[in-house]
Amino acid sequence: MIIQNAKVFDVEKGFEDRPIYLSGEFITDDVKSAQSDGKILDAEGLMAIPALVDIHFHGCDGVDFCDGTEASIARIAAYELKSGIGAICPATMTYDEERIGQIANAAAAHQNGTGADLVGINMEGPFISMKKKGAQNGAFIHKPDAQMFKRLQEKAGGLFKLCSLAPEEDGAEAFIRAVKEDTVVSLAHTCTDYDTACRAFEAGASHVTHLYNAMPGLTHREPGPIAAAFEKGATAELIADGIHIHPAMVRLTFSLFGDDRVVLISDSMMATGLPDGDYELGGQAVTVHGNKAVLTNEPQTIAGSVTNLMNCMRNSVFSMGIPLESAVKAAAWNPAKVIGVENRYGSLGSGCYANLLLVNEKLEIVQQLQRGRLL
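The rules behind each value
- Residues numbered from 1 in each chain as written.
- Predicted model: local features only at pLDDT ≥ 70, side-chain atom pairs only at ≥ 80, totals over all residues.
- Heavy atoms only, no water.
- Core = buried A, V, L, I, M, F, W, Y, C linked by side-chain atoms within 4.5 Å.
- Buried < 20%, exposed > 50% of the residue type's maximum accessible area, 1.4 Å probe, protein only.
- Helix = DSSP H or I, 4+ residues; strand = E, 2+ residues; numbered from the N terminus.
- Contact = heavy atoms within 4.5 Å.
- Disulfide = S-S within 2.5 Å.
- Phe/Tyr/Trp six-rings, centres within 6.5 Å; stacked < 30°, edge-to-face > 60°.

1. Points about the nonpolar core
In this structure, F160, F201, L211, L238, L264, M269 and M313 are the most contacted members of the largest nonpolar core, which totals 97 residues. A total of seven residues in this core trace back to one element, the largest contributor, which is helix α10 (residues 324-338). Excluding residues within four positions of it along the chain, M269 makes contact with H58, G59, C60, Y279, E280, L281, V286, V288, A293, A303, S305 and V306.

Here it is as structure tokens:
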């Protein structure tokens, strides 16, 4: 197939006028291969962008990744694909090793084929701070334990692409050094000061989970983990749902970190795509009203989002003033690169899966392909 007349997103150049050549499941630069079946898709007036990559979310459409079942994974994958997300790295919550192991087993057994591709798991907890647990379950918080992580990684078949950590906890630096070759270590749910965060990045941590949320803020005498992340070259997640972070802070973060280090995430929970009501997250009751989800027993505590990544990207462009090229990069290429799947996902370059969206000026999906298949 050949896709013609679209404005095509390029990671380095922004949008450009060029055809997209497809051969089977892949984007190719082999024109003859793309011409072999004679199919031409005219995308006049549309923009072609990569299908998005969400590396931090918990659930949607009434199910949670921590259900640890194939049925829930399949339902999540179907909803995410329908929403423009072609690859997913869903997150666990803070549970004991047995429960996280069950989730890992289910993910390892999952076979991609329908819905968004499962390309990893994000271990958000249990190695976090009790004081900054947020919506995580404090009953299962655990000191950093490299052997525990490695046991779980074996069950997951290497799928744990991210692991959250509070660097001030006992044994954190040793943990980072022990696992940094097996996963991306991310600072999260932490009370850390600037110096401790710097040492964590120097030891091998390289990412920050939902920047600003569940961590000390940026102040002039106590710069904390945010300044450390900026100075040490870490990548940083942002939840651009309009609830977790003020638009001015989203703009500031893109200006400060640059659009090659910001990763848009949804942090969505099971109520995403469903009406207001009572749900749960990590075994805790959650109440949803409008765009906001909170712990039922602690209504001051936000419990994930109820917005998918495509809507977060739209919000960042239309409500927060982020340039479209930067928003697409932060929602597709950057997350793919963080977890090491950029050779197949997150761009429209040759060799990548033909996972792409044809969108109009309102960023509404007009046509979608997953692995070269028209949906």
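Back to the text.
2. Observations concerning the state of the cysteines
Within this structure, the stated rule accounts for zero disulfides. Unpaired in terms of disulfides, C89 finds its nearest cysteine sulfur in C163, a separation of 12 Å. The structure places no disulfide on C191, whose sulfur is separated from the nearest cysteine sulfur, that of C198, by 17 Å. The class for C191 is partly exposed, based on a relative accessible area of 32%.

3. A few points about the packing of aromatic side chains
Counted under the stated rule, the structure contains eight aromatic pairs. With a centroid separation of 6.0 Å and an interplanar angle of 45°, the aromatic rings of Y95 and F140 are classed as tilted. With Y95 in the loop between β12 (91-92) and α3 (97-109) and F140 in the loop between β14 (121-123) and α4 (146-155), this residue pair connects regions lying 45 residues apart in the sequence. An angle of 55° between the planes, with centres 5.3 Å apart, marks the rings of Y345 and Y353 as tilted. Site record: aromatic cluster; members linked through ring pairs are F127, F149, F160 and F175.

Treat this as a map of the structure, not an account of what it does.
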